[in-house]
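The lines below spell out each chain.
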Amino acid sequence: MIKIRRHSFSRSPAFVVCYSLVFVFLFVAIRGVPVFAARFFFESENKSFSVGQPFEADLMLDAENQDINAVEGKIYLSDNLKIIGINDGESIVKLWVQRPAEKNGEVVFAGIMPGGYAGDLSPYWKGSRPGKVVKLILEANGHDLSKIGVKDGRVLLNDGNGAPARLSISDFKFFTS
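Residues numbered from 1 in each chain as written. Predicted model: local features only at pLDDT ≥ 70, side-chain atom pairs only at ≥ 80, totals over all residues. Heavy atoms only, no water.

Once that is clear, we can look at the pattern of salt bridges. Note on pairing: side chains with opposite charge can pair once their charged atoms come close. With the rule as written, the count across this model stands at 10 salt bridges. A salt bridge links Asp-58 to Lys-135; the nearest nitrogen and oxygen atoms lie 3.1 Å apart. Of this pair, Asp-58 sits in strand E2 (residues 54-62) while Lys-135 sits in strand E7 (residues 131-140); the two residues are 77 residues apart in sequence, bridging distant segments of the chain. The burial state of Asp-58 is the same as that of Lys-135; both residues are buried. We note a salt bridge from Glu-72 to Arg-154, for which the minimum N-O separation is 2.7 Å. Pair noted here: Glu-72 is in strand E3 (residues 68-77) and Arg-154 is in strand E8 (residues 145-157), with a separation of 82 residues, a long-range link. Arg-154 gets classed as partly exposed once you look at its relative accessible area, which sits at 43%. (Salt bridge = Lys/Arg side-chain N within 4 Å of Asp/Glu carboxyl O. Helix = DSSP H or I, 4+ residues; strand = E, 2+ residues; numbered from the N terminus. Buried < 20%, exposed > 50% of the residue type's maximum accessible area, 1.4 Å probe, protein only.)

Listed below in structure tokens is the structure:
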């Protein structure tokens, strides 16, 4: 007589552990691991932009839970925008290597934050909020789609080595009337 022996792999602890690890690996691979990147973006209190009327646009830095030590970049504008003024008085940057200034139609800036910058904190909100790098006072001189952006942007970590941080940049686009 031949005896058939059945194995119960589905109940063994090794089977459960192995398939659990495979499931976790696939879940992380499909969903992804969150990657933090500092972010340059623009804010404006103005909701409408009229030709000939000055308005303000603030370049903001969201540190995204990183400790940032230095920032630099060049702010560019579409042809239908004119720079009226540049204000760095409320900036998170405490020491300017290159104070924000207009050069060839762009605003060039570079500065450091001794001790680092991880975001604005307050007892009135939870977590941190982005901080202002520089305020631009602008004027539109034509009806068109307008754009403000940053090129050659860099952000360095406050890690003792000044390692480059990941950086994303969001342009500010709007219509002038």
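Still to come is the rest of the account.
For the rest of this paragraph, the subject is the pairing of strand E10 (residues 172-175). Taking every second residue as pointing to the same face, the buried face of E10 carries Phe-172 and Phe-174, while none of Lys-173 and Phe-175 on the other face is buried. Here E8 pairs with E10 via 4 bridges, running antiparallel. Note that in E10 the partner of Ser-146 across the bridge is Phe-174. (Pairing = 2+ DSSP bridges.)

What the 5 strands build is an open sheet, ordered E5-E6-E3-E8-E10; its pairing is antiparallel. Looking at the sheet topology across the chains shown, the edges are occupied by strand E5 (95-103) and E10. Each strand axis lies, on average, 15° off the axis of its neighbour in the sheet, ignoring direction. Relative to strand E6 (residues 106-117), E5 is paired through 6 bridges, and the arrangement is antiparallel. By the bridge assignment, Glu-102 is partnered in E6 with Val-107. (Axes fitted to C-alpha atoms, helices over the stretch in contact; angles between N-to-C directions.)

With that settled, the discussion passes to the packing of aromatic side chains. Following the criterion strictly, the structure yields 6 aromatic pairs and no others. Between Phe-49 and Phe-174 the ring centres are 4.3 Å apart and the planes differ by 40°, which places this aromatic pair in the tilted class. Of the two residues, Phe-49 sits in the loop between strand E1 (38-43) and E2 while Phe-174 sits in strand E10, which places them 125 residues apart along the sequence. Take Phe-49: its relative accessible area is 7%, and that puts it in the buried class. For Phe-174, a relative accessible area of 6% puts it in the buried group. Counting every residue linked through ring pairs, the aromatic cluster contains Phe-49, Phe-55, Phe-172 and Phe-174. (Phe/Tyr/Trp six-rings, centres within 6.5 Å; stacked < 30°, edge-to-face > 60°.)

Spatially, 5 strands are ordered E4-E7-E2-E1-E9 in an open sheet, and the strand pairing comes out mixed. The open sheet has two edge strands with one neighbour each: strand E4 (81-87) and strand E9 (167-169). Taking the axes of each pair of neighbouring strands and ignoring which way they run, one obtains an average angle of 25° across the sheet. Where E2 and E7 come together, 8 bridges link them in antiparallel fashion. Across the sheet, Phe-55 pairs through a bridge with Leu-138, a residue of E7.

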